[in-house]
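Notes for the structure review
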Amino acid sequence: QVQLVESGGGLVQPGGSLRLSCAASGFTFTSYAMSWYRQAPGKERELVAAITSAGGSANYADSVKGRFTISRDNAKNTVDLQMNSLKPEDTAVYYCNADRRGLLKSYTYWGQGTQVTVSS
């Protein structure tokens, strides 16, 4: 079955770094765009970063541009999010997402989330 398993979350001080990883299985990874979303308490889930299926293009939320980098390894079926210069407002549960838009049907999958807490 489809699985997206996130890892790498934790507690980090402001200004620190974390690297999140998402391991995918159960679907054709190379056919899916991959994204990282986050949801802070009391807020809606928001898109943080996205990368195309071949990895040739990436987009970022304005709030993380220049600090976060999304990458994927299509040989290993993984997508990572390198987070630098972390701020308290980056605290959230981070979710991995796989998305494929077909002509007749779309497919989207979510991981279970990993907690990132930025605090001194």
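Preceding block: the structure.
Residues numbered from 1 in each chain as written. Predicted model: local features only at pLDDT ≥ 70, side-chain atom pairs only at ≥ 80, totals over all residues. Heavy atoms only, no water.

1. Examining the pairing of strand β11 (residues 114-118)
The following threshold applies: Whether a residue is buried, partly exposed or exposed follows from its accessible area with a 1.4 Å probe, protein chains only, as a fraction of its type maximum: under 20%, in between, or over 50%, in that order. Here a strand is any run of E in DSSP of at least two residues, a helix any run of H or I of at least four, and the numbering for each starts at the N terminus. DSSP-based pairing: two strands are paired if at least 2 bridges between them are found.
Burial along β11 is one-sided: T114, V116 and V118 are buried, while Q115 and T117, pointing the other way, are not. As judged from the three bridges shared by strand β2 (residues 10-12) and β11, these two strands associate in the parallel manner. Counterpart to G10 in the pairing with β11 is V116. In this structure, strand β9 (residues 92-101) lies alongside β11, joined through three bridges in antiparallel fashion. Note on β11: the bridge partner recorded for V93 is Q115.

2. With respect to unusual backbone geometry
Of note, the phi angle at N77 is positive, near 60°, even though the residue is not glycine. Residue position: N77 is located in the loop between β7 (68-73) and β8 (78-83). Residue N77 is classed as partly exposed on the basis of its relative accessible area, which comes to 23%. A positive phi is found at S85, a non-glycine position, where the angle reads about 50°. Positionally, S85 belongs in the loop between β8 and β9. Residue classification places S85 among the partly exposed residues on the basis of a relative accessible area of 40%.

3. So, the state of the cysteines
Disulfide: a covalent bond connecting the sulfur atoms of a pair of cysteines. Cut-off, in case you're wondering: Any pair of cysteine sulfurs within 2.5 Å is marked as a disulfide.
Inspection of the entire model under this criterion finds one disulfide. C22 shares a disulfide with C96; S-S distance 2.2 Å. Disulfide C22-C96: the torsion about the S-S bond is -80°, which places it as left-handed. Of the two residues, C22 is situated in strand β3 (residues 18-25) and C96 in strand β9; the sequence distance between them amounts to 74 residues. C22 sits in the buried class, given a relative accessible area of 0%.

4. Here's the deal with the side chain of D90
Operational definition: Polar contact is defined as a pair of N or O atoms within 3.5 Å, subject to the rule that within protein one atom must be able to donate a hydrogen and the other to accept it, and that residues adjacent in sequence are counted only when both atoms are side-chain atoms.
Assignment of secondary structure puts D90 in the loop between β8 and β9. Engagement of the side chain of D90 in a polar contact is seen with the side chain of R67, the distance being 2.8 Å.

5. Quick word on the side chain of T78
The criterion, for reference: When checking whether two residues touch, look at their non-hydrogen atoms; a contact exists if any pair is within 4.5 Å.
Inspection of the secondary structure puts T78 in strand β8. Overall, T78 belongs to the buried group, its relative accessible area being 16%. Those residues within four positions of T78 in sequence are excluded, and the remaining contacts are C22, A23, F29, S71, R72 and D73.

6. A few points about the pattern of salt bridges
The following threshold applies: For this document, the term salt bridge refers to a Lys or Arg side-chain nitrogen within 4 Å of an Asp or Glu carboxyl oxygen.
Across all of its chains, the model carries six salt bridges by this definition. Linking E46 and R38 is a salt bridge whose minimum nitrogen-to-oxygen distance equals 2.7 Å. Look at R38 and you get buried, because its relative accessible area is 6%. Counted as one network, the salt bridges with shared partners bring together R38, E46, R67 and D90.

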